[in-house]
Amino acid sequence: MKRPFLAIILVVIVAAAVGGSDIALQRGLDRYLPPLLTEELGLPVTIAPIRADVLTLTAYTDRLQMGEDGDPALVAEEVSVSLNWSDLLRGEIRLVTASGEDLMVRISSWPSDG
């Protein structure tokens, strides 16, 4: 992923950790994550409000959608992801775990490279 994406995510997580606030992390993720993912993936990303735990670097949302409302490329319900502090300290964002209850993927709706 591009460095600005990583830098913004790191700033949001570190600010929440220093402030000791899950709410600050949740607000930061709600504000910055959808537009960053939209830019990185090349298709609109919407995420229901995020619940997060700064100490365990775990985030939950009821719904994640990638793509247009009428023709989404991906819809996931009850999504949970976790990161690792050691990866973040090395400047990397890697999912340790990712899960969801319901998943719909429509390959034909993903953007093509050309």
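Residues numbered from 1 in each chain as written. Predicted model: local features only at pLDDT ≥ 70, side-chain atom pairs only at ≥ 80, totals over all residues. Heavy atoms only, no water.

Caption draft 1: Examining helix H2 (residues 22–41) more closely. The first and last C-alpha atoms of H2 sit 27 Å apart over 20 residues, in line with the 28 Å expected at 1.5 Å per residue. Restricting attention to buried positions, one finds in H2 the residues Leu25, Gln26, Gly28, Leu29, Leu33, Pro34, Leu36 and Leu37. Of the residues one or two after H2, Gly42 is the one with positive phi, at around 80°. (Helix = DSSP H or I, 4+ residues; strand = E, 2+ residues; numbered from the N terminus. Expected span 1.5 Å × (residues − 1). Buried < 20%, exposed > 50% of the residue type's maximum accessible area, 1.4 Å probe, protein only.)

Caption draft 2: Looking closely at the nonpolar core. Membership of the largest hydrophobic core comes to 17 residues, with the highest contact counts inside it found for Leu29, Ile47, Ile50 and Leu64. At the level of secondary structure, the elements contributing two or more residues to this core comprise H2, strand E1 (45–47), strand E2 (50–53), strand E3 (58–68) and strand E4 (71–82). (Core = buried A, V, L, I, M, F, W, Y, C linked by side-chain atoms within 4.5 Å.)

Caption draft 3: Molecular detail of a nonpolar patch on the surface. Nonpolar side chains collect at one region of the surface, where Leu103, Val105 and Ile107 lie side by side and expose about 320 Å² of accessible area between them. By the secondary structure assignment, Val105 is in strand E6 (residues 102–105). (Patch = residues over 30% accessible without salt bridge, like charges linked within 9 Å, V, L, I, M, F, W, Y side chains within 5 Å. Areas by Shrake-Rupley, 256 points an atom, 1.4 Å probe, with all protein chains shown as cover. Salt bridge = Lys/Arg side-chain N within 4 Å of Asp/Glu carboxyl O.)

Caption draft 4: Region of the structure containing the environment of Ala98. Inspection of the secondary structure assignment puts Ala98 in strand E5 (residues 97–99). Judged by relative accessible area, Ala98 falls into the exposed class, the value being 55%.

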